[in-house]
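# Structural overview
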Amino acid sequence: QVTLVESGGDLVQAGDTLRLSCSASGGTFLALMFAWFRQAAPGGERMFVASITRPTLAQYYGDSVKGRFTISRDNANNKVYLEMNSLKPEDTAVYLCAARYYSGNSRVLQQEEYDYWGQGTQVTVSS
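Summary of the structure given here. (Residues numbered from 1 in each chain as written. Predicted model: local features only at pLDDT ≥ 70, side-chain atom pairs only at ≥ 80, totals over all residues. Heavy atoms only, no water.)

### Observations concerning unusual backbone geometry
Rule in force here: Helical segments are the DSSP runs of H or I of at least four residues, strand segments are the runs of E of at least two, and each set is numbered from the N terminus.
Positive phi, close to 55°, is recorded for Asn 78, a residue that is not glycine. Mapping Asn 78 onto the fold places it in the loop between strand 7 (69-74) and strand 8 (79-84). Phi angles above zero are rare outside glycine, and Ser 86 is one such case at about 50°. Examined against the element boundaries, Ser 86 turns out to sit in the loop between strand 8 and strand 9 (93-101).

Okay, structure coming up:
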């Protein structure tokens, strides 16, 4: 199956910029679409942050991060990134990388629709 490993989480101050990375192995990277979710508490709901597909690099963003976060992918290195700008304390969460094989539908916003998950990386934003 597909294995995902996140990195880049840190303790930052409000207004800072941070870039998260997701390294993928196994499967077929070019056939996958990816998403970032975040979980504010253990066992809590995983909230959609951003997603990116393959053919046209179609992107979707959660309402709370639109205009501040940017998702991208590096096919040569099997990596997915999330650049987070103007961070706010409410962005504090464990950020998880998720993947599924692209089926032609680029708008996939529910956690139940993704088959592969990383363990997450902690982002803490202080005020």
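Additional details are given in the paragraphs that follow.
### Quick word on the nonpolar core
The condition is simple: Only buried residues count toward a nonpolar core, which is a set of Ala, Val, Leu, Ile, Met, Phe, Trp, Tyr and Cys residues joined through side-chain atoms within 4.5 Å. Relative accessibility under 20% of the residue-type maximum defines a buried residue, over 50% an exposed one, and the middle range a partly exposed one, all with a 1.4 Å probe and only protein chains included. The contact definition used throughout considers only heavy atoms, calling two residues in contact when any of these lie within 4.5 Å.
Counting residues in each nonpolar core, the largest one holds 29 residues, and the members touching the most others are Leu 4, Phe 34, Trp 36, Leu 82, Met 84 and Tyr 95. Residue assignment for this core shows that the elements contributing at least two residues are strand 3 (18-25), strand 4 (32-39), strand 5 (47-52), strand 7, strand 8, strand 9 and strand 11 (121-126). Not counting residues within four places of it along the chain, the set of residues in contact with Leu 82 comprises Leu 18, Arg 19, Leu 20, Trp 36, Val 49, Ala 50, Phe 69, Thr 70, Ile 71 and Tyr 95. Met 33, Phe 37, Phe 48 and Val 108 belong to the second-largest nonpolar core, a separate cluster that totals seven residues.

### Topic: the layout of surface pockets
Spelled out, the test is: As defined here, a cavity is a set of points on a 1 Å grid over the protein atoms alone where a 1.4 Å probe fits but cannot get out. A pocket is an open set with protein on both sides within 12 Å along at least five of seven lines, and residues line them when an atom is within 4 Å of a point. Grid points are joined across faces, edges and corners, and a volume is the space filled by probe spheres set on the points.
Quantified by volume, the largest pocket comes out at close to 220 Å³. What lines the largest pocket is a set of 19 residues, and nearest its centre among them are Arg 38, Glu 45, Arg 46, Met 47 and Phe 48. When contributions to the lining of the largest pocket are tallied by element, the ones reaching two or more residues are strand 4 and strand 5.

### Focus: the pattern of salt bridges
Applied cut-off: Salt bridges are defined by distance alone: a side-chain nitrogen of Lys or Arg within 4 Å of a carboxyl oxygen of Asp or Glu.
For the structure shown, the criterion picks out four salt bridges. Three or more residues joined by partner-sharing salt bridges are found here, namely Arg 38, Arg 68 and Asp 91.

### What about the pairing of strand 11?
For a regular strand, the rule is simple: side chains alternate between the two faces of the sheet. Inclusion rule: Here, any two strands with at least 2 DSSP bridges between them count as paired.
Residues Thr 121, Val 123 and Val 125 of strand 11 are buried on one face, while the alternating residues Gln 122, Thr 124 and Ser 126, pointing to the opposite face, are not. Strand direction decides the pairing type here: strand 2 (residues 11-13) and strand 11, joined by three bridges, are parallel. Bridged to Val 12 within strand 11 is Val 125. The pairing of strand 9 with strand 11 spans three bridges and is classified as antiparallel. When the bridges of strand 11 are listed, Val 94 appears paired with Gln 122.

### Details of the environment of Asp 63
Inclusion rule: Here a polar contact means two N or O atoms within 3.5 Å. Within protein one must be a hydrogen donor candidate and the other an acceptor candidate, and residues neighboring in sequence count only if both atoms are side-chain atoms.
Looking at where Asp 63 falls in the secondary structure, it is placed in the loop between strand 6 (59-61) and strand 7. For Asp 63, a relative accessible area of 67% translates into the label exposed. The sequence separation of Asp 63 and Ala 50 amounts to 13 residues, and the corresponding C-alpha distance is 9.7 Å. A polar contact of 3.1 Å, which involves the side chain of Asp 63, links it to the side chain of Lys 66.

### Here we look at the packing of aromatic side chains
So the rule is basically this: Pairs were defined over the aromatic rings of Phe, Tyr and Trp, the Trp ring being its six-membered one, requiring ring centres within 6.5 Å. Orientation was assigned from the angle between planes: stacked under 30 degrees, edge-to-face over 60, tilted for the rest. The rule for a charge over a ring is simple: NZ of Lys or CZ of Arg within 6 Å of the ring centre, and within 35 degrees of the ring normal.
As enumerated under the stated definition, the model contains five aromatic pairs in all. Here Phe 37 and Tyr 114 contribute two aromatic rings whose centre-to-centre distance is 5.6 Å and whose plane-to-plane angle is 75°, an arrangement assigned as edge-to-face. Residue Phe 37 is located in strand 4, and its partner Tyr 114 is located in the loop between strand 9 and strand 10 (116-117); the two are separated by 77 residues in the primary sequence. The same class applies to Phe 37 as to Tyr 114, namely buried. With 6.4 Å between their ring centres and 85° between their planes, Tyr 101 and Tyr 116 make a pair best called edge-to-face. You can see Tyr 101 sitting in strand 9 and its partner Tyr 116 sitting in strand 10, a full 15 residues away along the chain. The class for Tyr 101 is partly exposed, based on a relative accessible area of 33%. Put simply, the rings of Phe 37, Phe 48, Tyr 114 and Trp 117 pair up and form one aromatic cluster. Its guanidinium or amino end placed over the ring of Tyr 81, Arg 19 lies 4.2 Å from that ring's centre, counting from NZ or CZ. One cation-aromatic arrangement involves Arg 46 over Trp 117; the distance from NZ or CZ to the ring centre is 4.5 Å.

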